Amino acid sequence: MICPGCKSDMIVVEHSNIELDYCLNCHGVWFDSNELELFLKSIKLDTPDLLLSHILESVEAETKEKKRRCPICRRKMKKTKIGDRPKILIDACTRRDGLWFDGGEVYQLVKTLANKKPGGNEAHDKVMSFLAEVFKARTRHKTGKI
Ligand SMILES: [Zn+2]
Ligand SMILES: [Zn+2]
């Protein structure tokens, strides 16, 4: 799949039955439709606010950031803000193909969610080792489907 941010080829990273497309060039991450939810569940940080349906219902964010095209259907994606303090601006395909996070935004989101959970640092450390594993170790090049 081609990166919606910088148009490089993305690689696929796999972790506990979740496949993410990751751009080695700009470090953005693409989640297919319900993969964000599965991802957050796998690290016990899921919240109803971050279901794809909820994200798509939220208002379009006002921003000067350029609209990106969905890497699957090629339509322009909707800009929307998720999380709180800080809010993170992400791109969502209105046809429910998935969600795009710019480099560092997944980390930011996970950090925000982990900070809200009791257990503080311990949860944070777990998440950091998880992310390191997902984004550094388990990579392979995708074949076929673009
Ligand atoms: Zn990229
Ligand atoms: Zn799409």
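Placed above this text is the structure.
**Digging into the pattern of salt bridges**
Thinking step 1. Within the structure shown, the criterion is met by seven salt bridges.
Thinking step 2. The partner of Glu37 in a salt bridge is Lys41, and the shortest N-O contact between them spans 3.5 Å. On the criterion of helical spacing, the pair formed by Glu37 and Lys41 is a turn pair, its members being four residues apart in helix H1 (residues 35-42).
Thinking step 3. Residue class for Glu37 comes out partly exposed when judged on its relative accessible area of 25%.
Thinking step 4. Classification of Lys41 by relative accessible area gives partly exposed; the value is 44%.
Thinking step 5. One network of salt bridges, in which partners are shared, links Glu65, Arg68, Lys79, Asp91 and Asp102.

**Looking at the packing of aromatic side chains**
What characterises a pair of aromatic rings is the spacing of the ring centres plus the angle enclosed by the ring planes.
Thinking step 1. Scanning the entire structure with this criterion turns up two aromatic pairs.
Thinking step 2. Ring plane angle 55° and centroid distance 5.5 Å describe the contact between Phe31 and Phe39, whose orientation is recorded as tilted.
Thinking step 3. Taking relative accessible area as the criterion, Phe39 reaches 2% and is therefore assigned buried.
Thinking step 4. A ring pair is formed by Phe31 and Phe101, whose centres lie 5.3 Å apart and whose planes are at 70°; its orientation type is edge-to-face. Taken together, the residues Phe31 in strand S3 (residues 29-32) and Phe101 in strand S6 (residues 98-101) connect sequence positions 70 residues apart. Each member of the pair, Phe31 as well as Phe101, is classed as buried.
Thinking step 5. Cluster of aromatic residues (ring-pair linked, three or more members): Phe31, Phe39 and Phe101.

**Observations regarding the pairing of strand S2 (residues 18-22)**
Thinking step 1. The buried fraction of S2 is high, at four of five residues.
Thinking step 2. One ladder, built from five bridges, connects strand S1 (residues 11-15) with S2; its direction is antiparallel. Each bridged residue has a counterpart across the sheet, and for Val13 the counterpart in S2 is Leu20.
Thinking step 3. The antiparallel hairpin formed by S1 and S2 contains two residues in its connecting segment, where Ser16 sits at a positive phi of about 30°.
Thinking step 4. Hairpin connection between S2 and S3: a loop of six residues separates the two successive antiparallel strands, and His27 in this loop has a positive phi of roughly 65°.

**What about helix H3 (residues 105-116)?**
Thinking step 1. The first and last C-alpha atoms of H3 sit 17 Å apart over twelve residues, in line with the 16 Å expected at 1.5 Å per residue.
Thinking step 2. Listed in full, the buried residues belonging to H3 are Glu105, Val106, Leu109, Val110, Thr112, Leu113 and Ala114.

**A word on the coordination of the zinc ion (ligand 1)**
Thinking step 1. Note on the zinc ion (ligand 1): its protein donors are Cys3 (SG), Cys6 (SG), Cys23 (SG) and Cys26 (SG). The metal-donor distances range over 2.2 to 2.3 Å.
Thinking step 2. If you look at the zinc ion (ligand 1), its four donor atoms make angles of 103 to 120° with each other, and the shape they trace is tetrahedral.
Thinking step 3. For the zinc ion (ligand 1), all donor residues lie on one chain, and their spacing in sequence is C-x2-C-x16-C-x2-C. Highlighted residues: Cys6 in the segment before S1 and Cys23 in the loop between S2 and S3, separated in sequence by 17 residues.

Rules behind the numbers
- Throughout this document, residue positions are counted from 1 along each chain, in the order its sequence is written.
- Numbering of ligands from 1 and lettering of chains from A proceed in the order in which they are written.
- The predicted nature of this model means local features are confined to residues of pLDDT at least 70 and side-chain atom pairs, given and counted, to a pLDDT of 80 or more, with totals for whole chains, interfaces and linings taken over all residues.
- Computation of side-chain values: all heavy atoms of the structure, hydrogens and water removed.
- When a carboxyl oxygen of Asp or Glu lies within 4 Å of a side-chain nitrogen of Lys or Arg, that pair is called a salt bridge.
- For helices the rule is a DSSP run of H or I covering at least 4 residues; for strands it is a run of E covering at least 2, with both sets numbered from the N terminus onward.
- Only protein chains enter the accessibility calculation, which uses a 1.4 Å probe. A residue is then buried if its area is under 20% of the maximum for its type, exposed if over 50%, and partly exposed in between.
- Centres within 6.5 Å are what make two rings of Phe, Tyr or Trp a pair, Trp counting through its six-membered ring; a difference in plane orientation under 30 degrees is then read as stacked, over 60 as edge-to-face, and the rest as tilted.
- At least two DSSP bridges between two strands are needed for those strands to be called paired.
- To estimate how far a helix should extend, the number of its residues minus one is multiplied by 1.5 Å.
- For Na, K and Ca the donor cut-off is 3.2 Å; for every other metal, N, O and S atoms count as donors within 2.8 Å. Water does not enter the count, which can leave sites looking incomplete.
- Working rule for geometry: tetrahedral if four donors all subtend angles between 85 and 135 degrees; square planar for four, octahedral for six, if opposite donors exceed 155 degrees and the others stay between 65 and 115; irregular in every other situation.

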